[in-house]
Amino acid sequence: MGKGKGIGDDLLPDTNPYRERTLAGNIALGLGFVMIVFVTTGFVSPNWLEVDPRFYGTKFHKLGLWVHCFNSFPDPNDLSYKRFFVACRWIFNPFTDGYAEIRYLIVPRKNYKTFFFLCEIQTIRNLVSNRKGNLNVIFAAFFVATQFFFTLCFIGMLISIALTLMYLLCIDEYYRVKVLRWIGADLMVAAVCGTVSLIIFGAQGDGRDFMPDWEQNYLSWSFGLAFVGEKIRSI
């Protein structure tokens, strides 16, 4: 006599995550895992833009979406020229004196015009004086657009993880196709948002209109990982 099915089998008929998985399904899961690692690393790491280490005396060091690092950035609000910002800080750091006052130099203020979809650049010119001369710095609103679209991309990735786990672990056969459609739609929207953010930053991030010493700045490995992650998501 064969073993009969228990109550648990009736209540949870699809709890086996390895059921009916083909080679294509395994490849998709593997690529999805790589995409998650790359996109998450790009989202949290401070290496989207870096200064060439072969040059000394630069004010800028590196930045990510949420962290900026300076070597010796003068505070334009300090008329005595004694305050300089050094090392890495979260852009919303509330603890460093004077850092909140220069946030408009790092990230544009909230009352700037909407730039979404049209990607229109709104700039403010600030003349920063120091003992060696004058430094003209132009700060563009494109960076907020990059943060906005890549955050949507990251949220879309989290939603796709939740939907995939639902599909693998606890979805009845009747809803599988519907959940797959939700996952596909979510991935497409997230891929579009991620691609838009990368295009915006790639076009403007290492230009003269953003960080100081722009001639020595280059797009770094965090940007590259985010780019590869988005290409994998598009597949």
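Throughout what follows, the structure given in this document is the object of discussion.

Conventions used here
Chains are numbered independently. Their residues run from 1 in the order of the written sequence. Local features in this predicted model are restricted to residues whose pLDDT is 70 or higher, and side-chain atom pairs enter the listing and the counts only when it is 80 or higher, whereas totals over whole chains, interfaces and linings include all residues. Values reported for side chains reflect all heavy atoms of the structure, with hydrogen atoms and water molecules removed beforehand. Helix and strand labels come from DSSP, where a helix needs a run of H or I of at least four residues and a strand needs a run of E of at least two; each type is numbered from the N terminus. The span one expects for a helix is its residue count, reduced by one, times 1.5 Å. Only heavy atoms matter for contacts: two residues are in contact if any of them lie within 4.5 Å across the pair. Cysteine sulfur atoms that come within 2.5 Å of each other are treated as a disulfide pair. Burial status follows relative accessibility: with a 1.4 Å probe on protein chains alone, a residue under 20% of its type maximum counts as buried, one over 50% as exposed, and anything between as partly exposed. In this description, a nonpolar core means a group of buried Ala, Val, Leu, Ile, Met, Phe, Trp, Tyr and Cys residues linked to one another through side-chain atoms lying within 4.5 Å.

### Topic: helix H2 (residues 23-44)
Then step 1. Taking 1.5 Å per residue as the helical rise, H2 with its 22 residues ought to reach 32 Å, and the 32 Å between its terminal C-alpha atoms agrees with that figure.
Then step 2. Packed against the buried residues of H2 are helix H4 (142-169), helix H5 (176-204) and helix H6 (221-234).

### So, the state of the cysteines
Throughout this description, disulfide means a covalent bond between two cysteine sulfur atoms.
Then step 1. On inspection of all chains with the given rule, the structure shows 1 disulfide.
Then step 2. One disulfide in the model links cysteine 69 with cysteine 88; its S-S distance is 1.9 Å. Around the S-S axis, the bridge from cysteine 69 to cysteine 88 shows a dihedral of about 105° and counts as right-handed. Placement of the pair is cysteine 69 in strand E3 (residues 67-74) and cysteine 88 in strand E4 (residues 84-90), with a sequence separation of 19 residues.
Then step 3. Given a relative accessible area of 0%, cysteine 69 falls into the buried group.
Then step 4. We note that cysteine 153 lacks a disulfide partner, and the nearest cysteine sulfur, in cysteine 193, lies 7.3 Å from it.

### Some thoughts on the environment of phenylalanine 149
Then step 1. Here phenylalanine 149 lies in helix H4.
Then step 2. According to the relative accessible area criterion, phenylalanine 149 is buried, its value standing at 5%.
Then step 3. Measuring from C-alpha to C-alpha, the distance between phenylalanine 149 and cysteine 193 comes to 5.0 Å, with 44 residues separating the pair along the chain.

### Here's the deal with the nonpolar core
Then step 1. Counting 31 residues, the largest nonpolar core has Trp48, Leu63, Phe150, Phe201 and Phe210 as its most contacted members.
Then step 2. Within the residue set of this core, elements represented by two or more residues are H2, strand E1 (49-51), strand E2 (60-63), E3, H4, H5 and H6.
Then step 3. Broken down by element, this core gets its largest block of residues, 8 residues, from H4.
Then step 4. In terms of nonpolar packing, the next biggest core, distinct from the first, is built from 6 residues, Tyr167, Leu168, Ile171 and Val179 among them.

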